[in-house]
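Breakdown of the fold
These are the residues of each chain, in order.
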Amino acid sequence: IPAIPAVDFSQFGEIEKVKLSKIDKLTRDNMARCWLNIPHVTQFDDADITELEAFRKEVKDEALKSGVKLTPLPFLIKAAALALTRHQKFNASLDADGEHIVYKKYVNIGLAVDTPNGLMVPVIKDADKKSVYALSIEAAELAAKAKDRKLKPNEMQGACFTISSLGGIGGKGFTPIVNAPEVAILGVSKADIQPRWNGQTFEPRLMLPLCLSYDHRAINGGDAGRFLTELNALLSDIRRLLL
Ligand code: CAO
């Protein structure tokens, strides 16, 4: 790849040169590696989370009494974990031998956490077996550890799939980079009230933007369409998480 030529920016005005942190350097190398190796496709959808949000608000205070700060995130982890158990191509990695695909029988979900020191991705193990409260507690604990630089190496290993939620920050959508050897990543943006046609009239509904990037060597558009449709159905009617 032709290198980007070095530029002396100081010839154009005042500058400040700051050393990259160790985490920034790891992210730089990992992102470049993933971007260059993986043929990415990103598919978008909006999930109607009006009912999910009404339920979350209903139980929020009760959850707080048990020490749980309930955000939409643990519902997303729960729904993604269930969808991963039903769509094994997403819970897989391409084998380094180039001849096999490895299907995983466990569901570990990486969580992108924005910290002052850079991007960290702690892993929630066996996410499919945990309750929404348990996922909420673990996500908060891992995010706090990431921010305090207290994550142990084994708490950042073994993810099958990553969720990157910018919902608490903002934006309408983005195209996340697949974190190899995983084959897919879910980006989540900020939910927003939108007018939706119900057949007779426009109704205000809370819509959650979902962005699914995947490795097109391992996953086809049809697989991704089915996965995202299932995830959308689970989030739009969380009773389906029980089925
Ligand atoms: N839509 C609307 N509101 C949302 C939302 C969404 N999708 N997701 C979260 N919110 C709300 C929460 O409910 C909370 O509001 P209340 O306090 O009123 O309930 C508020 O936004 C803040 O949430 P949070 O960000 O503190 O908590 P979280 O569980 O949503 O996320 C964590 C936790 C660790 C994922 C997040 O702090 C974080 O680091 N996000 C950035 C990830 C990132 O950097 N991704 C990019 C990686 S690639 O460069």
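This write-up is about the structure you can find in this document. One numbering rule holds for all chains: residues counted from 1, following each sequence as written. Thresholds applied to this predicted model are a pLDDT of at least 70 for local features of residues and 80 or more for the giving and counting of side-chain atom pairs; totals over whole chains, interfaces and linings are not thresholded and use all residues. Side-chain metrics in this entry use all non-hydrogen atoms of the structure; hydrogen atoms and water are not considered.

Re the nonpolar core
What counts, and what does not: Joining through side-chain atoms within 4.5 Å is the link that ties buried Ala, Val, Leu, Ile, Met, Phe, Trp, Tyr and Cys residues into a set, and such a set is a nonpolar core. In this scheme, a residue with accessible area under 20% of its type's maximum is buried, one over 50% is exposed, and one in between is partly exposed, where area comes from a 1.4 Å probe on protein chains only. Numbering of helices and strands runs from the N terminus, with a helix taken as a DSSP run of H or I at least four residues long and a strand as a DSSP run of E at least two residues long. Contact criterion: two residues are considered in contact whenever any of their non-hydrogen atoms come within 4.5 Å of each other.
Phe-161, Leu-186, Leu-210, Leu-231 and Leu-235 are the most contacted members of the largest nonpolar core, which totals 55 residues. Sorting the residues of this core by element identifies helix H2 (50-65), helix H3 (73-86), strand S4 (109-111), helix H4 (132-147), strand S8 (161-165), strand S9 (184-188), strand S11 (202-215) and helix H5 (221-236) as the ones contributing at least two each. If near-sequence neighbours (up to four positions away) are discounted, Leu-231 is found in contact with Ala-79, Ala-80, Ala-83, Leu-186 and Leu-210.

Here we look at the layout of surface pockets
So the rule is basically this: In this analysis, the protein atoms alone were mapped onto a 1 Å grid. Cavities are point sets where a 1.4 Å probe fits without being able to get out; pockets are open sets with protein on both sides within 12 Å along at least five of seven lines; lining residues have an atom within 4 Å of a point. Grid points are joined across faces, edges and corners, and a volume is the space filled by probe spheres set on the points.
The volume enclosed by the second largest pocket comes to roughly 210 Å³. Taken together, Phe-55, Val-59, Leu-70, Phe-75, Lys-78, Ser-131, Val-132, Tyr-133, Ile-238, Arg-239, Leu-241 and Leu-242 form the lining of the second largest pocket. Breaking the lining of the second largest pocket down by element, the ones donating at least two residues are H2, H3 and H4.

Quick notes on the site of the ligand
Put simply, the rule is: Note on definitions. A residue lies near a molecule or strand when any single heavy atom of the residue is within 4 Å of it. Definition of a polar contact: a pair of N or O atoms within 3.5 Å, with one able to donate and the other able to accept a hydrogen when the atoms are protein atoms, and with sequence-neighbouring residues admitted only if both atoms are side-chain atoms. Accessible surface is estimated by sampling points in the Shrake-Rupley manner with a 1.4 Å probe; for residues, cover comes only from the protein chains shown.
Every one of the 22 residues lining the ligand counts as a neighbour, but Thr-71, Asp-114, Ser-164, Ser-189 and Ala-191 are closest to it. In the environment of the ligand, a nitrogen atom lies 3.1 Å from a nitrogen or oxygen atom belonging to the backbone of Ser-165. One of the backbone N or O atoms of Ala-191 is found 2.8 Å from a nitrogen atom in the ligand. Alone, the ligand offers 970 Å² of accessible surface; in the complex the protein occludes 70% of this. Listing elements by their share of the shell around the ligand, those giving two or more residues are H2, strand S5 (113-115), H4 and S8.

Notes on the state of the cysteines
Definition in use: Here, the term disulfide refers to a pair of cysteine sulfur atoms separated by no more than 2.5 Å.
In the structure shown here, the tally under the stated rule is 0 disulfides. Just so you know, Cys-34 is unpaired, no disulfide at all, and the nearest cysteine sulfur is the one on Cys-160, 16 Å from it. For Cys-160, a relative accessible area of 0% corresponds to the buried category.

Here we look at the packing of aromatic side chains
As a reminder, the rule being used: Here is the rule: rings of Phe, Tyr and Trp (six-membered ring for Trp) pair when centre to centre is within 6.5 Å. Planes less than 30 degrees apart are stacked, more than 60 are edge-to-face, and the remainder are tilted.
Tallying each qualifying case throughout the model produces 4 aromatic pairs. On the numbers, 4.1 Å between centres and 10° between planes, the contact of Phe-90 with Phe-227 is stacked. With Phe-90 in the loop between H3 and strand S2 (92-94) and Phe-227 in helix H5, the pair connects residues that are 137 residues apart, well separated along the chain. Of the two residues, Phe-90 and Phe-227, both sit in the buried class. Taken together, the aromatic side chains of Phe-90, Phe-161 and Phe-227 make up a single cluster linked through ring pairs.

Read these as spatial facts, not as claims about activity.
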